[in-house]
Amino acid sequence: MIAPVVTQVGWEDNGSHLDKLLRSTVLKFACELGHSGCKEQSLLLFHAWMRNGTRIPPNLRSIVYPNAIRYGGEEEWAYVYEQYQTTSTASERKELLGALTATRNVWHITQILSYSLQPDKVKSQDMYYVFIGVANNPLGRWHAWRFLRSSWDDIYEIYGAATFKRMLKSCTQHFTTEFDYAELEAFLATRGSQLRAARQAMELVRHSVEWMARSEYLVVNWLQDRQSVFDANT
């Protein structure tokens, strides 16, 4: 259903401001759904930049960067990291870091997390964006949680309680099982007075667990019914 809209908006950065905004929104959504042309177009634009210096239009960077990393390899990841190290624009650094955390390579996930505690690798003010990006990557969520536990003291000491609470919330927002809650509770129990800073995260996880137990099968059944209706009419 999204394919005709992608064809309509295209990948050329032209038109009015609203046209460009629509294009960015449609392409991002299409890529998230695995649209067949996303990989090819993203890598095409990215390689033209990497090999020929052809700059990617700002409106398309939030789409091209992460998908080039997602579908590319070591060369693409290293190039984006090099660009992060050399750019002086804060918004561009944020965009590049977000792309680096979109990787499907476990080694790169652990590497960028490790870099986030090294100011010569990732700027201190950007560390939070690294963690959030990895925590929102389906393949990185477990690694973000493990990193938060193993580096708890360093993170807490360097960035303080406010940043820590935001990181914990981002890391645990996908927790939906009794096992997740028990693991979080057991770990936080060893933190002593710091437990107060994490109470809200525990409450949110508890609500998520209860919602899943109460509503998951209802949602699954509803979706299956809708799929049956759709199949019958096509």
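Look up a bit, the structure's there.
Below, the structure is looked at part by part. (Residues numbered from 1 in each chain as written. Predicted model: local features only at pLDDT ≥ 70, side-chain atom pairs only at ≥ 80, totals over all residues. Heavy atoms only, no water.)

**Notes on the packing of aromatic side chains**
In total, this model carries twelve aromatic pairs according to the counting rule given. For the ring pair Phe-46 and Tyr-79, a centre distance of 6.0 Å and an interplane angle of 85 degrees mean the geometry is edge-to-face. Here Phe-46 is found in helix H3 (residues 36-52), whereas its partner Tyr-79 is found in helix H5 (residues 74-86), with 33 residues between them in sequence. Members of the aromatic cluster, each reached through a chain of ring pairs, are Phe-46, Trp-49, Tyr-65 and Tyr-79. Just above the ring of Tyr-128 sits the side chain of Arg-166; from NZ or CZ to the centre is 3.9 Å. It is Arg-206 that lies over the ring of Tyr-181; its NZ or CZ is 4.3 Å from the centre. (Phe/Tyr/Trp six-rings, centres within 6.5 Å; stacked < 30°, edge-to-face > 60°. Helix = DSSP H or I, 4+ residues; strand = E, 2+ residues; numbered from the N terminus. Lys NZ or Arg CZ within 6 Å of the ring centre and 35° of its normal.)

**Brief notes about the state of the cysteines**
Applying the stated criterion to the full structure yields one disulfide. The disulfide that involves Cys-31 links it to Cys-38, with 1.8 Å between the sulfurs. Since a negative S-S torsion denotes a left-handed disulfide, the Cys-31-Cys-38 link at about 100 degrees is right-handed. Accessibility assignment for this pair places Cys-31 and Cys-38 in one class, buried. (Disulfide = S-S within 2.5 Å. Buried < 20%, exposed > 50% of the residue type's maximum accessible area, 1.4 Å probe, protein only.)

**Let's talk about the pattern of salt bridges**
Within the structure shown, the criterion is met by five salt bridges. Here Arg-61 ties to Glu-92 by a salt bridge, and the two come within 3.5 Å at their closest N and O atoms. Remark: Glu-92 occurs in helix H6 (residues 90-100) and Arg-61 occurs in helix H4 (residues 58-71); sequence separation between them is 31 residues. When its relative accessible area of 14% is taken as the criterion, Arg-61 is described as buried. (Salt bridge = Lys/Arg side-chain N within 4 Å of Asp/Glu carboxyl O.)

**Things to note about H4**
Residues spaced three or four apart along an α-helix face the same direction, because each turn holds 3.6 residues. The terminal C-alpha atoms of H4, which comprises 14 residues, lie 20 Å apart, in line with the 20 Å expected from a rise of 1.5 Å per residue. Those residues of H4 lying buried are Leu-60, Arg-61, Ile-63, Val-64, Tyr-65, Pro-66, Asn-67, Ala-68 and Ile-69. Each element contacted by the buried residues of H4 is listed here: helix H2 (17-32), H3, H5 and H6. (Expected span 1.5 Å × (residues − 1). Contact = heavy atoms within 4.5 Å.)

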